[in-house]
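Below are the chains, spelled out letter by letter.
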Amino acid sequence: MKPSRPKSQTIDEQTKPKDLPADPNDELVWLAQHPEEVARHAGKWIAVHGRRIIAAGDKLQEVLSLAEAQGVSQPLLHRVRERDIADWIF
């Protein structure tokens, strides 16, 4: 009988933290596809997890704390600038 080789370490559903989205690009794609929803938060910080905004506020730490209170320790954090909104909508 052959000795078994150790399996390589990969990030899969068992080892990946539960608060991370299935695809790390989901949030970026969602932001690009939903400018109207993002525009509602002009001048604010937002936390995006999966395909939704889970927190918004004036201060980065405030938004991160709100996301963590929902069990999400690593959301995508984004500052929605006024001039970006003008580029998206017009």
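Note: the structure precedes this text.
Attention here is on the structure that accompanies the text. (Residues numbered from 1 in each chain as written. Predicted model: local features only at pLDDT ≥ 70, side-chain atom pairs only at ≥ 80, totals over all residues. Heavy atoms only, no water.)

Okay, the overall build of the chain next. When helices and strands are tallied, the chain shows four helices and three strands. Ordered by position in the sequence, the α and β elements of the chain form the string α-α-β-β-α-β-α. Relative to its 90 residues, the chain shows a buried fraction of 30%. When contacts within the chain are restricted to residue pairs at least 6 apart in sequence, long-range pairs at least 24 apart make up 42% of them. Total accessible area on the chain is roughly 6800 Å²; 53% of this is exposed by carbon and sulfur atoms. (Helix = DSSP H or I, 4+ residues; strand = E, 2+ residues; numbered from the N terminus. Buried < 20%, exposed > 50% of the residue type's maximum accessible area, 1.4 Å probe, protein only. Contact = heavy atoms within 4.5 Å. Areas by Shrake-Rupley, 256 points an atom, 1.4 Å probe, with all protein chains shown as cover.)

This part covers the sheet that holds strand β2 (residues 52-57). Read across the sheet, three strands follow the order β2-β1-β3 without closing on themselves; strand pairing throughout is antiparallel. Two strands bound the open sheet, and with one partner strand each, they are β2 and β3 (76-79). Mean inter-strand twist for the sheet, computed between neighbouring axes without regard to direction, equals 25°. Across the sheet, helix α1 (residues 26-33) touches β1 (45-49), β2 and β3, and the angle it forms with β1 is around 120°. (Pairing = 2+ DSSP bridges. Axes fitted to C-alpha atoms, helices over the stretch in contact; angles between N-to-C directions.)

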